[in-house]
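Examination of the molecular architecture
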Amino acid sequence: MDKRKYLIGDLMSYKKISKYFLDNSNVSVGDTITITKTDIEYKGILLDRNDNSEDGYIVLKLDSGYNIGINIENSEVNLVEKGNKPKIGYDNKQIAKSDKKENISIISTGGTVSSIIDYKTGAVHPAFTAEDLLKANPELLDLANYEVKALYNILSENMKPEYWVEASKSIADDISSGSDGVVVAHGTDTLHYTSAALSFMLETPVPIVITGAQRSSDRPSTDASLNLINSVKVAKSNIGEVVVCMHETLDDSSCLVHQGTKVRKMHTSRRDTFRSINTEPIATVKNDNIIINSDYSYFKRGKRDLRLNNDIEYKVGYIKSFPGITNELIDYHIDKGYKGILIEGTGLGHIPDYIVDSIKRAKEENIAIVMSSQCLYGRVNMNVYSTGRKLVDADIISGEDMTPETAYVKLCWVLGQSNQINEVKELMNKNIAGEISSKSSVKNFLN
Amino acid sequence: MDFDKLGLKMGLEIHQQLNTMHKLFCPCKTELIDKDYDNIIKRNLRPTQSELGEIDRAAYAESIQKLNFKYESYNSETCLVECDDEPPYSLNEEALEISIIIGELLNMHIVDEFHTMRKQVIDGSNTGGFQRTGLVATNGHLDTPYGKVIIESLGLEEDACRRIETTDDFTEFRLDRLGIPLAEITTDPSMHHPEQVREVAYMIGQILRSTNVKRGLGTIRQDVNISIEKGARVEIKGVQNLDLFNKIVENEIQRQLTLIEIKDELKSRNAKVIEEIYDLDEIFENTESKILSSAESIKGIVLKGFGGLIGKEVQKGRRFGTEIASYAKKRGVSGIFHTDELPAYGISSNEVEKLKKSLNLDENDAIIIVAHNEKIAISALEEVKKRANLAFKGVLEETRKALEDGNTEYMRPLPTANRMYLETDIPSFKIEKKLVKSIKDNLPELPDVKKERIINEYKLSEDLANQIVKKGICDDFECIIPSLKLDSITIASVLAYDIPEIKREGHNTYNLDNNKLISIFSLVENGKISKDAISNLMIKVCESPNSNIEKIAEDNNLTLLSEDKVIEIISEIVKNNAKMIEERKMSAMGPLMGMSMKKLKGKADGSLVNKVVKDEIQKQLNT
């Protein structure tokens, strides 16, 4: 029944010396033991040890609750009491449904928002299922009925494009089975790639809300709770789009709702890390209110029929330009048979002029090359400087005001739709899911 | 009180701030900040499942209160780590080293590897909802006049936020104190007499002061565990004043004994807590009690067989009703009324009679009344019911707060081991044997030993030596003294009294480093200035720390006058007082000496002045 896939391996285990020592002493993790050295004796529960730590030590949880590491040199272990490795997670209680409430699907993919500490070993595992999320946040039950699904269980840095395909399929299934809204719990590192991918793959009649957390759910200060609760409110709302819902500020008081294609993780650790780039957020969620930004046009609930188009091209490269970049980087991708390359250029969309030759070569090989800017804010314009014009001549495609990440995801998707460069170019420059705006507003900078 | 007969057992827990450059897990300074904050951050906390799958009872008790918190933060003095918006940095090794020194001085066994843990605390005092803490050492001991006391553990942990304000809606904290390293020293509960606890607290305090720890108000905090044989373990937090300690212990024993008495009485009366919560609005419709008439709703519960016991004193000035009220207060009411104290507070005897009649009560029953909005009133009464039911258990394991009058007040249930789990953001830290050995070989001298030594070595008075040690300036004193021939008592008194005094007057004495002090003392030694001029010269040096000290003395007229000049001035004074000398002969010496010293203060040596005055009077008499 466990649908969880791609489960990461157990990161905790004893290495050679300690393992030999423990095996010989006939004790295992979870047992209460004493360890006696010449000048001291400790009693406690034997715990697992992090893989990255030095061999020759064992970890004990003392009665006081403290863990300590003990060097096993010249020591003797005795079993006091056999113990069990305790199970992690909440009891599987049945959750009652009500006709009066909306049906919301929660899909977990792993990451901080759905991670749980393995208390015995002390590691944070993304082993927390969507079901557990509900149980850890019982107030969610007042808001809706839930279908919960643990799609996979990975940290978002390990996310791959094939997972977007699978997620989009799973979401489409939920919507066709009558879901009134979908919440996807996701790791924050690559959350904006996934939100962009789902935006291109799904035309949706109901809200699809992607959320995450910067502080893990095992701590009392976690931001997961507010993000999840507000995401469910958005999933019940009138916004028929793929959106991201995360903390607005460092306060636990409101969340912003961002367009799935115009959002980016902008801080390594802050709760308010997700910001709308080159646009404003669609809405703010505060207490029970969803305050829609009146300047924003979006698809309302029920406006579109469900349509899934998740054909994508996996062989797309992503290269950042920098002083000292060489042709090799581009040539490598050409030689390896990449079908498209997203370049994160400097300024208005530049790479050194000596790279242009490789771009021309790519063009000859029918490889689509898209230019975006590492400035993140603003629009690509390759007509201003001579290098830019050389790139235009080489038929490089402008990423307009898309973030480089969105442009990359879009290129994967567009190449899944067509392998004709002219069609690719046309699709890349056409607004599909709110990723390209026709003009640049004074307002939208560093918000 | 016969402590032995009562089976009194006490343990001590001492928290001491360490004087490190940086906080335990971030680079912020370890100083409190008194200027206006730059930002306010609003947060909520929620209890999480503990590693044993249970929610810790202390965390749970806090969770059902309102958990709205505000944090005052600063743009440069605090950082994202204190805001819980950035993972902690690596362990501060300076703090760990100070802890190892303390552990060695307490004859403890240092752990091989330090693991940082999270201790769940969701009263808002830690932004993460937990305090980071780790075990540094175990199995120590201290020899006291009352016998050996076992030091169970030494922890290294983060201090909590400073509480600034508590209102009905939120609690406000300042982030400045959060993360200052604290050493936590716990003794075993083997002490049987309050005097012994005081002695141990004093001895541990002396040991701490010989290491690099913070000094001053709030930098050291003592908690005491107390139990008697028939009672239960109670932890009393924040015993600042050790002089109050005996009283706190006696009051706590009294409280435990009375609670046991109440328990026995309740059982013999077959007492019972009635579940139902009654609406009392009608009975108090026309009440003259301002509190009742202004409340949105008035509710009450019946405690069968509790009559007379609610009003019973458990500590001087605190009744069993106060104990019950402190539980109710956790739910936002400012207090409760109980029939043992009524009629009072504007509630008439008529109303009390009506109340008893309508609820069908007899003499032995009690009613608890709460006035607030309906939700809070009900939730407060639920707490009252809970506490009343617990009365059948006698004494409860609680964390209590020491009050200034020697009483204590309920804070929360004692935490269980469930509240501790691993801090996954910080790798374990291996404590090298080499490090421990080098620390052990260079342990600081303990204050008492140091005091005795400097008394003998430098012929200081007990009082002067005491000041030098207490003020932590012994190192400076012993650094200065070898370069000088000046007497050690003069040097010691300048360090112990004069410098603190000019500091109090507002001068920047940080500018007086040891080299400057040596230069100043050398001027005295070489007869350039008098001892009396030291303070004035130090003040001038504080003002212009970069100028040449001898030049400062000259420019400010602080140097000694030549003997000729002294004779000239005194002879002038003597001439002007010729009449007095004629009348009083040599006994004019006193007043004339006074006049001369006043004129020459700091500009001539006293013994010279004395000699010249004498000579000049003789001369005058001989003319």
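Residues numbered from 1 in each chain as written. Chains lettered and ligands numbered in written order. Predicted model: local features only at pLDDT ≥ 70, side-chain atom pairs only at ≥ 80, totals over all residues. Heavy atoms only, no water.

1. A closer look at the overall build of chain B
In terms of regular secondary structure, chain B is built from 21 helices and 24 strands. Over its C-alpha atoms chain B spans a radius of gyration of 33 Å, topping by over 25% the 25 Å that the globule rule assigns to 623 residues. Each of the 623 residues in chain B was classed as buried or not, and the buried ones make up 54%. Contacts in chain B between residues far apart in sequence, at least 24 positions, make up 73% of those at least 6 positions apart. Of the roughly 28300 Å² of accessible surface on chain B, 47% is carried by carbon and sulfur atoms. Here chain B holds 86 positive side-chain charges and 105 negative ones, and the gap between their average locations is 2 Å. (Helix = DSSP H or I, 4+ residues; strand = E, 2+ residues; numbered from the N terminus. Rg over C-alpha atoms; globule rule 2.2 N^0.38 Å. Buried < 20%, exposed > 50% of the residue type's maximum accessible area, 1.4 Å probe, protein only. Contact = heavy atoms within 4.5 Å. Areas by Shrake-Rupley, 256 points an atom, 1.4 Å probe, with all protein chains shown as cover. Lys, Arg positive; Asp, Glu negative; His and termini not counted. Charge placed at Lys NZ, Arg CZ, Asp CG, Glu CD.)

2. Focus on helix 5 (residues 245–269) of chain B
Between its first and last C-alpha atoms helix 5 of chain B spans 36 Å; for 25 residues at 1.5 Å apiece the expected length is 36 Å, and the two agree. At the exit of helix 5 of chain B stands Asn270 of chain B, carrying a positive phi of roughly 60°. (Expected span 1.5 Å × (residues − 1).)

3. Points about the domain arrangement of chain B
The domain architecture assigned to chain B consists of domain 1 (3–233), domain 2 (265–394), domain 3 (447–555) and domain 4 (563–622). With centres defined by C-alpha atoms, the gap from domain 1 of chain B to domain 2 of chain B works out at 37 Å. (Domains from an automatic or database assignment.)

4. Things to note about helix 8 (residues 349–358) of chain B
All names here are of chain B. Turning to helix 8, its buried residues number three or more, namely Glu351, Val352 and Leu355. Down the axis of helix 8, the buried set is contained in an arc of 100°. They therefore lie on one face. Residues of helix 8 that are exposed and point over 90 degrees away from its buried face: Asn350 and Lys357. The elements touched by buried residues of helix 8 are strand 20 (366–372). Positive backbone phi, approximately 65°, marks Asn360, located one or two places after helix 8. (Arc of directions from axis to C-beta.)

5. A few points about the interface of chain A and chain B
Each side of the interface is counted separately: chain A has 48 residues, and chain B has 50 residues. Across the chain A to chain B interface the summed buried area is about 3900 Å²; carbon plus sulfur atoms make up 48%. Where chain A touches chain B, the interface holds 7 salt bridges. Arg219 of chain A serves as the salt-bridge partner of Asp425 of chain B, at 3.0 Å between the closest nitrogen and oxygen. Along the contact surface separating chain A from chain B lie 23 residue pairs in polar contact (both at pLDDT 80 or more). Mapped by element, the contributors of at least two residues to the side of chain A that touches chain B are strand 2 (40–47), strand 3 (57–62), strand 4 (67–71), strand 7 (116–118) and strand 8 (123–125) of chain A. With 5 residues, the single largest contributor to the side of chain A that touches chain B is strand 4 of chain A. Residues belonging to the side of chain A that touches chain B are distributed by class as follows: 18 nonpolar, 15 polar and 15 charged. The pairing of strand 4 of chain A with strand 5 (residues 113–114) of chain B spans 2 bridges and is classified as antiparallel. Looking at the pairing, Gly69 of chain A lines up with Glu113 of chain B of strand 5 of chain B. (Buried area = accessible area lost by both parts, 1.4 Å probe. Salt bridge = Lys/Arg side-chain N within 4 Å of Asp/Glu carboxyl O. Polar contact = N/O pair within 3.5 Å; in protein donor to acceptor, adjacent residues only side chain to side chain. Nonpolar A, V, L, I, M, F, W, Y, C, P; charged D, E, K, R; others polar. Pairing = 2+ DSSP bridges.)

6. Description of the environment of Asp48 of chain A
All names here are of chain A. Among the secondary structure elements, Asp48 is positioned in the loop between strand 2 and strand 3. Looking at Asp48, the relative accessible area reads 8%, which means it is buried. Separated by 279 residues in the primary sequence, Asp48 and Asn327 have C-alpha atoms spaced 48 Å apart.

7. Quick look at the domain arrangement of chain A
The extent of an interface is frequently quoted as the accessible surface area lost upon association of the parts. All names here are of chain A. As far as domains go, chain A holds domain 1 (3–81), domain 2 (92–308) and domain 3 (316–428). Placing the centre of domain 2 and that of domain 3 at their C-alpha centroids yields a distance of 31 Å. The interface is formed by 15 residues belonging to domain 2 together with 13 residues belonging to domain 3. Regarding the contact of domain 2 and domain 3, the summed buried area is about 1400 Å², with carbon and sulfur atoms giving 65% of it. Put simply, domain 2 and domain 3 have 2 salt bridges between them. Where Asp401 meets Lys262, a salt bridge forms, and the shortest distance between an N and an O atom there is 3.3 Å. On inspection of domain 2 and its partner domain 3, the count reaches 6 residue pairs in polar contact (both at pLDDT 80 or more). The set of elements that each furnish at least two residues to the side of domain 2 that touches domain 3 consists of helix 3 (161–176) and helix 4 (191–201). Here the side of domain 2 that touches domain 3 gets 6 residues from one element, more than from any other, and that element is helix 4. Looking at the side of domain 2 that touches domain 3 residue by residue, the classes come out as 9 nonpolar, 4 polar and 2 charged.

8. Points about the sheet that holds strand 2 (residues 39–44) of chain B
All names here are of chain B. Strands sit in the order 2-3-10-9 across an open sheet of 4 strands; the sheet is mixed. Both outer strands of the open sheet, strand 2 and strand 9 (162–166), are each paired with one neighbouring strand and no more. Along the sheet, successive strands turn relative to each other by an average axial angle of 25°, direction set aside. Here 6 bridges tie strand 2 to strand 3 (residues 68–73), and the two strands are oriented antiparallel to one another. Paired with Ile40 across the two strands is Glu72, which belongs to strand 3. (Axes fitted to C-alpha atoms, helices over the stretch in contact; angles between N-to-C directions.)

9. Some details on the environment of Glu452 of chain B
Residue and element names in this part refer to chain B. Relative to the helices and strands, Glu452 is located in helix 11 (residues 447–458). Classification of Glu452 by relative accessible area gives partly exposed; the value is 43%. Along the chain, Glu452 and Glu432 lie 20 residues apart, while their C-alpha atoms are 34 Å from each other.

10. A short note on the packing of helix 4 of chain A against helix 9 (residues 404–417) of chain A
The axes of two packed helices give the description: the angle between them and the distance between them. Residues and elements named next belong to chain A. Where helix 4 meets helix 9, the axes come as close as 9 Å, and the angle between the chain directions of the two elements is 40°. In terms of orientation, helix 4 and helix 9 fall into the oblique class. Crossing of helix 4 against helix 9: the hand is right-handed. Packed against helix 4, whose contacting residues are His192, Tyr193, Ala196, Ala197, Phe200 and Met201, the element helix 9 presents Glu405, Thr406, Tyr408, Val409, Lys410 and Trp413 at the interface. Looking at the contact of helix 4 with helix 9, its residues break down into 8 nonpolar, 2 polar and 2 charged. (Parallel < 35°, antiparallel > 145°, perpendicular 65-115°, else oblique. Left-handed = near helix turned anticlockwise from the far one by under 90°.)

11. Some remarks on the packing of helix 3 of chain A against helix 4 of chain A
All names here are of chain A. Between helix 3 and helix 4, the least distance of the axes is 10 Å, while the angle of their chain directions is 55°. Of the possible angle classes, the one that applies to helix 3 and helix 4 is oblique. For the element pair helix 3 and helix 4, the recorded crossing hand is right-handed. Residues Trp164, Val165, Ala167, Ser168 and Ile171 of helix 3 form the contact with helix 4, whose participating residues are Tyr193, Thr194, Ala197, Leu198 and Met201. Within the contact of helix 3 with helix 4, the residues separate by chemical class into 8 nonpolar, 2 polar and no charged.

12. Some details on the packing of aromatic side chains
Residue and element names in this part refer to chain A. As enumerated under the stated definition, the model contains 12 aromatic pairs over all chains in all. When the ring of Phe200 is compared with that of Trp413, the centres are 5.8 Å apart and the planes differ by 25°; the resulting orientation is stacked. Remark: Trp413 occurs in helix 9 and Phe200 occurs in helix 4; sequence separation between them is 213 residues. One exposure class covers both Phe200 and Trp413, and it is buried. Here Tyr377 and Phe445 contribute two aromatic rings whose centre-to-centre distance is 5.0 Å and whose plane-to-plane angle is 85°, an arrangement assigned as edge-to-face. Placement of Tyr377 in the loop between strand 22 (368–373) and helix 8 (386–393) and of Phe445 in the segment after helix 10 (421–428) is noted, with a sequence separation of 68 residues between them. Taking the relative accessible area as the measure of exposure, Tyr377 reaches 13% and is therefore buried. Ring pairing ties together the aromatic residues Tyr193, Tyr318 and Tyr408, which thus form one cluster. (Phe/Tyr/Trp six-rings, centres within 6.5 Å; stacked < 30°, edge-to-face > 60°.)

13. What about the side chain of Lys450 of chain B?
Residues and elements named next belong to chain B. Assignment of secondary structure puts Lys450 in helix 11. Buried charged residue Lys450 carries no salt bridge. Nearest counter-charge: Asp475, at 4.3 Å. In contact with Lys450, not counting residues within four places along its chain, are Glu445, Val469, Cys474 and Asp475.

14. Examining unusual backbone geometry
Going from Leu342 of chain B to Pro343 of chain B, the amide bond is cis rather than trans, its omega being 0°. One non-glycine residue, Leu376 of chain A, adopts positive backbone phi at about 70°. Residue placement: Leu376 of chain A occurs in the loop between strand 22 and helix 8. Overall, Leu376 of chain A belongs to the buried group, its relative accessible area being 13%. Even without a glycine there, the phi angle at Tyr345 of chain B is positive, about 50°.

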